[in-house]
Amino acid sequence: MKKIIALMLLVVCLPAAAIPREDVLECKVADGSKFVLKSKYDWSPLARLYRETADRINQEPYSVYYKKKHSLLLTDIGRNVSHSQHESDFQRICSAVGLFRGRPVALYKYFEAGRWIGLTPDAAQKLYVQASTVDQSEQVRSDLQRFDLDGKSAVPELNFAFVAPIDRRLVFEHPVTRDGEHVIAVFQSESLDNGKTWQDLNITTDAKIFEIGKALLDQSFIGQPSRFNGKKIQINEVHKD
């Protein structure tokens, strides 16, 4: 009974005792600039006294910021990614950002003229490829079947696509893998009017952004984890599936 009463008192006191903290993951890119990901949470120093109580509460997703080389300014790119404090997840998290042909990019967003630009709602609806077969259009299912091999199905990666300016046009690519890792093709679309209208998606191996044959996490343009909460990360120690 005493333990129950003590636990009830602890629960009441925890919010007042919680200390605001944040996890900070840095993802570096090739030109020396980086993306800084911040996830706020409340830490309770009293939680360690009881196994039933978590020491982290109100954990938020990572908010993504961009920082140019030699600059102190962090620019909010207007995108969140799921939080993890485990080193084995850092490379996957950093794959949401990158540098393509010297231009910062993030999932479904690119940087131009000093600002981050995303797809319009109409474009996002048109270009998004469902991962579930039953939700895909007949044309998408037919296109994917052309890349099935030895009983392994070609699968579009859910919520993983990039858009980038290339030679006076915008190119959108959604990668397709066969083993959940290596890119074998892309769903591709182009816009010739700065993203106002887009061509219908076409599956092709003539990728402009992704590198065919490479794993998603080995793509040369994506970010690499460099520091977590101030501690340097050894890239060769980061786990890859």
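Below is a short write-up of the structure. All figures in this text were calculated on a predicted structure; none of them were measured in a lab.

### Details of the overall build of the protein chain
Thinking step 1. When its secondary structure is counted, the protein chain shows four helices and 16 strands.
Thinking step 2. Buried residues in the protein chain amount to 42% of all 241 residues.
Thinking step 3. A fraction of 53% describes how many contacts in the protein chain between residues 6 or more apart in sequence connect residues 24 or more apart.

### Examining the pairing of strand β13 (residues 183-191)
Thinking step 1. Buried residues dominate β13, accounting for nine of its nine residues.
Thinking step 2. From the end of strand β12 (residues 169-177) to the start of β13, which pair antiparallel, there are five residues, and G180 there has a positive phi angle of about 75°.
Thinking step 3. Two strands pair when backbone bridges link them, and β13 and strand β14 (residues 202-204) are joined in this way by three bridges, in the antiparallel orientation. For V186, the partnering residue across the bridge sits in β14 and is T204.

### Points about the side chain of S33
Thinking step 1. Position of S33 relative to the elements: it lies in the loop between β1 (19-28) and β2 (34-43).
Thinking step 2. In this structure the side chain of S33 is engaged in a polar contact, spanning 2.5 Å, whose partner is the side chain of D31.
Thinking step 3. Looking at S33, its side chain comes within polar contact range of the side chain of Y66, at 3.2 Å.
Thinking step 4. Apart from the residues within four sequence positions on either side, S33 is in contact with K28, Y66, K67, K68 and K69.

### A short note on the pattern of salt bridges
Thinking step 1. Within the structure shown, the criterion is met by eight salt bridges.
Thinking step 2. Note that K34 is salt-bridged to E26, the shortest N-O span being 3.0 Å.
Thinking step 3. Among the residues examined, K34 registers a relative accessible area of 22% and is labelled partly exposed.
Thinking step 4. Put simply, D167 and R169 hold a salt bridge, and the shortest N to O gap is 3.9 Å.
Thinking step 5. You can call D167 exposed: its relative accessible area is 59%.
Thinking step 6. Connected through shared salt-bridge partners, D167, R169 and E190 make up one network.

### Here's the deal with the sheet that holds strand β7 (residues 103-106)
Thinking step 1. On the basis of which strands lie adjacent, the open sheet formed by four strands has the order β6-β7-β8-β9 and antiparallel pairing. Where the open sheet ends on each side, the last strands, each with one partner, are β6 (97-100) and β9 (115-118). Averaged over all neighbouring strand pairs, the angle between strand axes comes to 30°, with direction disregarded.
Thinking step 2. Bridging between β6 and β7 involves four bridges; their strand directions are antiparallel.

### Overview of the pairing of strand β11 (residues 162-166)
Thinking step 1. Most of β11 sits inside the fold, with five of its five residues counted as buried.
Thinking step 2. With five bridges joining them, β11 and β12 adopt antiparallel strand pairing. Residue pairing across strands places V163 opposite F172, the latter belonging to β12.
Thinking step 3. Count of turn residues in the β11/β12 antiparallel hairpin: two residues, of which D167 carries a positive phi of about 50°.

### So, the environment of A124
Thinking step 1. When you line up the elements, A124 lands in helix α3 (residues 121-127).
Thinking step 2. With relative accessibility at 32%, the residue A124 sits in the partly exposed group.

### Here we look at the state of the cysteines
Joining two cysteines, a disulfide is a covalent bond between their sulfur atoms.
Thinking step 1. Applying the stated criterion to the full structure yields one disulfide.
Thinking step 2. Covalently, C27 is tied to C94 through a disulfide, its sulfur atoms 2.0 Å apart. Looking along the S-S bond of the C27-C94 disulfide, the torsion reads about -75°, which is the left-handed sense. Here C27 is found in strand β1, whereas its partner C94 is found in helix α2 (residues 87-94), with 67 residues between them in sequence.
Thinking step 3. Taking the relative accessible area as the measure of exposure, C27 reaches 0% and is therefore buried.
Thinking step 4. Taking the relative accessible area as the measure of exposure, C94 reaches 0% and is therefore buried.

### Topic: helix α4 (residues 138-145)
Given 3.6 residues to a turn, an α-helix orients residues that are three or four positions apart in the same direction.
Thinking step 1. When we look at burial in α4, the residues that qualify are V140, D143 and L144. Viewed along the axis of α4, the buried residues span an arc of 95°, placing them on a single side of the element. Exposed residues on α4 whose side chains face more than 90 degrees from its buried face are E138 and Q145.
Thinking step 2. Those residues of α4 that are buried lie in contact with β10 (155-156), β12, β13 and β14.

Rules of the game
- Residues numbered from 1 in each chain as written.
- Predicted model: local features only at pLDDT ≥ 70, side-chain atom pairs only at ≥ 80, totals over all residues.
- Heavy atoms only, no water.
- Helix = DSSP H or I, 4+ residues; strand = E, 2+ residues; numbered from the N terminus.
- Buried < 20%, exposed > 50% of the residue type's maximum accessible area, 1.4 Å probe, protein only.
- Contact = heavy atoms within 4.5 Å.
- Pairing = 2+ DSSP bridges.
- Polar contact = N/O pair within 3.5 Å; in protein donor to acceptor, adjacent residues only side chain to side chain.
- Salt bridge = Lys/Arg side-chain N within 4 Å of Asp/Glu carboxyl O.
- Axes fitted to C-alpha atoms, helices over the stretch in contact; angles between N-to-C directions.
- Disulfide = S-S within 2.5 Å.
- Arc of directions from axis to C-beta.

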